[in-house]
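Structural overview for review
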Amino acid sequence: MPDARPLIDAVDALLAEDNEHDLPAPAERARLRKAARLTQRQVADALGVRVETVWTWEKGRTEPRPPQRAAYAHLLRQIAARLADNPTQGE
């Protein structure tokens, strides 16, 4: 019987690509940032945007656009992963 692993790996890669730039809900964006003890200023500086821009993302008034969207999604995924590995970090 043929090995399905390469096909499964290809599907996983496709799904990961589609979700690469997905963002959590605006309130969750703010919660993650705060749990990581980051200020809006720090996030804004890292992404090359204004503090007001981060504020609008966290309030759901606007959505990040490329290239910041990918970097912001990466930041939030990394924070979420750290919190999952160490749940007491966000307290």
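Everything numeric here is computed off the predicted structure, so don't read it as measured data.

It is worth spelling out the overall build of the protein chain at this point. Along the protein chain, the regular secondary structure elements total five helices and zero strands. Counting from the amino terminus, the protein chain carries its helices and strands in the arrangement α-α-α-α-α. Its C-alpha atoms give the protein chain a radius of gyration of 16 Å, more than 25% over the compact-globule value 12 Å for 91 residues. With the C-alpha coordinates of the protein chain rotated into their principal frame, the extents come out at 55 × 30 × 20 Å. Here the contacts in the protein chain between residues at least 6 apart in sequence split such that 59% fall between residues at least 24 apart.

Moving on, we come to helix α2 (residues 26-35). Within the sequence span of α2, burial applies to R29, A30, L32, R33 and A35. On its buried face, α2 sits against α3 (40-47), α4 (51-59) and α5 (68-85). With its phi angle positive at about 60°, R37 sits one or two positions after the end of α2.

Moving on to unusual backbone geometry. With an omega of 0°, the peptide bond between P66 and P67 qualifies as cis. On the secondary structure map, P67 appears in the loop between α4 and α5. Within the chain, R37 stands out as a residue other than glycine whose phi angle is a positive 60°. Take R37: its relative accessible area is 58%, and that puts it in the exposed class.

Conventions used here
Residues numbered from 1 in each chain as written. Predicted model: local features only at pLDDT ≥ 70, side-chain atom pairs only at ≥ 80, totals over all residues. Heavy atoms only, no water. Helix = DSSP H or I, 4+ residues; strand = E, 2+ residues; numbered from the N terminus. Rg over C-alpha atoms; globule rule 2.2 N^0.38 Å. Contact = heavy atoms within 4.5 Å. Buried < 20%, exposed > 50% of the residue type's maximum accessible area, 1.4 Å probe, protein only.

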